[in-house]
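Residues per chain, in single letters:
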Amino acid sequence: MFSSSFTPLENPPSFKIKQQEDDSVVHLTPCSLFIFHCTLISAQGPAAAPAPAGPSDITTILKKDGRFTLFIHLLQSTKVADNINSQLSDDSNAGLTLFAPTDSAFSGLKTGTLNSYTEEKVELVQFHVLPYYLSPSQFQTASNPLTTQAGSSSQLFAMNVTAIGNQVNITTGETNATLVNTIHTDNQLAVYEVDKVLLPQRFYVPMPPPPTKKIAPKAKPASAEAVNSSTAKCLSKVVLQAIVCFVLAFAIFP
């Protein structure tokens, strides 16, 4: 055990510093050296606080994992990545949730499926984005169908989740996927790995034709109606005169 009492030294050691000008000697005790050291530290000022972290960058997050090359390409080519990063930099944004299929998930698609999507590629990527933050525990109480950035139609862009314990399943009517892992979460952006590419029914259900406009019949000009009316009257008079003449002739020449 160490004793709590402290006995000062009767003759503390000192250090001699010779001054060249007048050959005088200055005695420095350990206490003086400690005070001198503290003075130097205080003169330097407090250390600068670290800069606050900026908003999340979706492509940077996915590149760190290294298994989302195809999905990153789609995010960048469709400009959806720029929209996501812009929304994350907005403090009033409600957050975002992203379902990210791996490269192996894309390899599970039929040959030529991805290339067959031209205008649909934007909708395909947006279908993997929810316009709000959804934590892992919130899947238990999520309301179906989920609203995606591709649309909220319960038929064409339907997405339902079911959570049983720690397992979360996602169904779209065309795809049955499983949430495999949490890639990133920071209370503003949640990125989850899914084992399949999520395909909406919109790509397989033909869109209803746009409503046709009924064309009203063209009204006949007033002048034409007047001509037809006068013509009918003249014909009636001619017919009536012919009948009268026929009757008179029959009466005169029985």
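It should be noted that the structure appears before, not after, this text.
Anyway, here's the lowdown on the structure attached to this text. (Residues numbered from 1 in each chain as written. Predicted model: local features only at pLDDT ≥ 70, side-chain atom pairs only at ≥ 80, totals over all residues. Heavy atoms only, no water.)

## Some words on the packing of aromatic side chains
Centre-to-centre distance and the angle between the planes together describe a pair of aromatic rings.
Inference 1: Under the counting rule described, the total for this entry stands at 5 aromatic pairs.
Inference 2: When the centroid spacing of 6.4 Å and the interplanar angle of 45° are considered together, the rings of Phe99 and Phe139 count as tilted. Separated by 40 residues along the polypeptide, Phe99 in strand β3 (residues 96-101) and Phe139 in the loop between β4 (129-130) and β5 (160-164) bring together distant segments of the chain. When sorted by exposure, Phe99 lands in the same class as Phe139, which is buried.
Inference 3: The structure contains a cluster of three or more aromatic residues connected by ring pairs, namely Phe99, Phe139 and Tyr192. (Phe/Tyr/Trp six-rings, centres within 6.5 Å; stacked < 30°, edge-to-face > 60°. Helix = DSSP H or I, 4+ residues; strand = E, 2+ residues; numbered from the N terminus. Buried < 20%, exposed > 50% of the residue type's maximum accessible area, 1.4 Å probe, protein only.)

## Some words on the nonpolar core
Inference 1: Counting 27 residues, the largest nonpolar core has Ile58, Leu62, Phe71, Leu75 and Ile84 as its most contacted members.
Inference 2: For this core, the secondary-structure elements that each account for two or more residues are α2 (58-65), α3 (69-77), α4 (80-88), β3, α5 (103-107), α7 (120-126) and β8 (189-194).
Inference 3: Among the nonpolar cores identified, the runner-up in size contains 21 residues, and Tyr133, Ala150, Leu156 and Val161 belong to it. (Core = buried A, V, L, I, M, F, W, Y, C linked by side-chain atoms within 4.5 Å.)

## Considering unusual backbone geometry
Inference 1: Between Asn144 and Pro145 the backbone carries a cis peptide bond, its omega angle lying at -5°.
Inference 2: Tracing the backbone through its elements, the reader meets Pro145 in the loop between β4 and β5.
Inference 3: Non-glycine residue Lys79 carries a positive phi angle of around 65°.
Inference 4: By the element assignment, Lys79 lies in the loop between α3 and α4.

## Brief notes about the sheet that holds β4
Inference 1: Pairing is mixed in the open sheet, where 6 strands are placed in the order β4-β3-β8-β7-β6-β5. On the outer flanks of this sheet lie β4 and β5, each paired with one strand and no other.
Inference 2: The sheet contact formed by β5 and strand β6 (residues 167-171) spans 5 bridges and is antiparallel. Note that in β6 the partner of Asn160 across the bridge is Thr171. (Pairing = 2+ DSSP bridges.)

## Let's talk about the pairing of β8
Inference 1: Burial runs high along β8: 6 of the 6 residues are buried.
Inference 2: Residues Leu189, Val191 and Glu193 point to one face of β8 and Ala190, Tyr192 and Val194 to the other, with burial holding for every one of them.
Inference 3: Note that β3 and β8 share 6 bridges and pair parallel. When the sheet's bridge partners are listed, Pro101 is paired in β8 with Val194.

## Re the environment of Leu134
Inference 1: Along the chain, Leu134 turns up in the loop between β4 and β5.
Inference 2: In this structure Leu134 comes out as buried when scored by relative accessible area, which is 6%.
Inference 3: Note: C-alpha distance between Leu134 and Thr97 (37 residues apart in sequence) is 6.0 Å.

## Brief notes about the environment of Asp186
Inference 1: Within the secondary structure layout, Asp186 lies in the loop between β7 (176-185) and β8.
Inference 2: With a relative accessible area of 30%, Asp186 lands in the partly exposed category.
Inference 3: Of the polar contacts made by the side chain of Asp186, one reaches the side chain of His184; its length is 3.1 Å.
Inference 4: Of the polar contacts made by the side chain of Asp186, one reaches the backbone nitrogen of Leu189; its length is 2.6 Å. (Polar contact = N/O pair within 3.5 Å; in protein donor to acceptor, adjacent residues only side chain to side chain.)

## Considering the side chain of Thr113
Inference 1: One can find Thr113 in helix α6 (residues 113-116).
Inference 2: Judged by relative accessible area, Thr113 falls into the buried class, the value being 14%.
Inference 3: A distance of 2.7 Å separates a polar side-chain atom of Thr113 from the backbone oxygen of Lys110.

## With respect to the pattern of salt bridges
Inference 1: This model, assessed by the stated rule, comprises 3 salt bridges.
Inference 2: Where Arg67 meets Asp65, a salt bridge forms, and the shortest distance between an N and an O atom there is 2.6 Å.
Inference 3: Arg67 is the salt-bridge partner of Glu193, the closest N and O atoms lying 2.9 Å from each other. Of the two residues, Glu193 is situated in strand β8 and Arg67 in the loop between α2 and α3; the sequence distance between them amounts to 126 residues.
Inference 4: Each of the salt bridges in this network shares a partner with another, and the network as a whole consists of Asp65, Arg67 and Glu193. (Salt bridge = Lys/Arg side-chain N within 4 Å of Asp/Glu carboxyl O.)

## So, the pairing of β3
Inference 1: In terms of burial, β3 is a largely internal element, 6 of the 6 residues being buried.
Inference 2: By the alternation rule, side chains of β3 split into Leu96, Leu98 and Ala100 and Thr97, Phe99 and Pro101, which are all buried.

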